[in-house]
Amino acid sequence: LGSLSSAITGNLILRFGRSTVIRASIAAMVAGTLLTLNKPIPLIISGVAVFTCGFFTIHSIASGWVSKRADSYRAQASSLYLFSYYLGSSISGTAGGLFWVEFAWTGVASMICILMLFAFACTEKLNRSNA
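A. Region of interest: the layout of surface pockets. One number sums up the size of the largest pocket: a volume of about 1200 Å³. Those elements that place two or more of their residues in the lining of the largest pocket are helix 2 (18-35), helix 3 (41-69) and helix 4 (74-130). Ranked by residue count, the leading element in the lining of the largest pocket is helix 4, at 19 residues. The residue makeup of the lining of the largest pocket, split by class, is 21 nonpolar, eight polar and one charged.

B. Fine view of helix 3. Between the first and last C-alpha of helix 3 there are 42 Å, a value that for 29 residues agrees with the 42 Å anticipated at 1.5 Å per step. When helix 3 is considered as a whole, its buried residues turn out to be Gly 47, Gly 54, Thr 57, Ile 58, His 59, Ile 61, Ala 62, Trp 65 and Val 66.

C. Main features of unusual backbone geometry. We note that Tyr 73 has phi near 55 degrees; this positive angle belongs to a residue other than glycine. Taking relative accessible area as the criterion, Tyr 73 reaches 61% and is therefore assigned exposed. Phi angles above zero are rare outside glycine, and Ala 104 is one such case at about 60 degrees. With respect to the helices and strands, Ala 104 occurs in helix 4.

D. Broad picture of the packing of aromatic side chains. Here the structure, examined in full by the defined rule, presents five aromatic pairs. Plain terms: the ring middles of Phe 55 and Tyr 85 are 6.3 Å apart, the flat faces sit at 40 degrees to each other, and that makes the pair tilted. Highlighted residues: Phe 55 in helix 3 and Tyr 85 in helix 4, separated in sequence by 30 residues. Between Phe 99 and Phe 103 the ring centres are 6.0 Å apart and the planes differ by 50 degrees, which places this aromatic pair in the tilted class. Remark: Phe 103 and Phe 99 occur in helix 4; sequence separation between them is four residues, near one turn of the helix. A connected cluster of aromatic rings, assembled from ring pairs, spans Phe 55, Phe 56, Tyr 81, Tyr 85 and Tyr 86.

E. The environment of Met 116, seen in detail. Summarising the element assignment, Met 116 is placed in helix 4. When the C-alpha positions of Met 116 and Met 29 are compared, they lie 7.6 Å apart, and in sequence the two are 87 residues distant. The contact partners of Met 116, leaving out residues within four places of it in the chain, are Ile 26, Met 29 and Val 30.

F. Region of interest: the nonpolar core. Within the largest apolar cluster, 10 residues are counted, these being Val 21, Ile 22, Ile 26, Met 29, Ile 58, Ile 61, Trp 65, Val 108, Ile 112 and Met 116. Of all the elements in the fold, those that place two or more residues in this core are helix 2, helix 3 and helix 4. Sorting elements by how many residues they give to this core places helix 2 first, with four residues. Contact partners of Ile 112, with chain neighbours within four places excluded, come to Thr 33, Phe 51 and Trp 105.

Cut-offs applied
Residues numbered from 1 in each chain as written. Predicted model: local features only at pLDDT ≥ 70, side-chain atom pairs only at ≥ 80, totals over all residues. Heavy atoms only, no water. 1 Å grid on protein atoms, 1.4 Å probe; cavity = no way out; pocket = protein on both sides within 12 Å on 5 of 7 lines; lining within 4 Å. Points joined across faces, edges and corners; volume = space filled by probe spheres on them. Helix = DSSP H or I, 4+ residues; strand = E, 2+ residues; numbered from the N terminus. Nonpolar A, V, L, I, M, F, W, Y, C, P; charged D, E, K, R; others polar. Expected span 1.5 Å × (residues − 1). Buried < 20%, exposed > 50% of the residue type's maximum accessible area, 1.4 Å probe, protein only. Phe/Tyr/Trp six-rings, centres within 6.5 Å; stacked < 30°, edge-to-face > 60°. Contact = heavy atoms within 4.5 Å. Core = buried A, V, L, I, M, F, W, Y, C linked by side-chain atoms within 4.5 Å.

This is the structure:
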């Protein structure tokens, strides 16, 4: 699903615009996370699938957007994006473990939703600075 969503991201951007697709993908990640809070296994699997599509769509857009926004030193900007991507993954992965120990899956899902609110705020800030 990650490969599929990454592959169709370009068409989505052309049709709806980068910002709209990012917002929809953040919403998909939140919806997918919330679906994983259900008991039936098919809903949990569906939630993981929806989350995965949203995640890889955003990652595809963000990694391409970095080079587009950089006026110079595009390679360094892309490198900094990847460094931040992996650093953020490491920090949130570690925090997710702490949330798991204290609050089980509900705590991890809450943490993910909070991170998605932060991602939405960053998207809005980038949109305002791009205008």
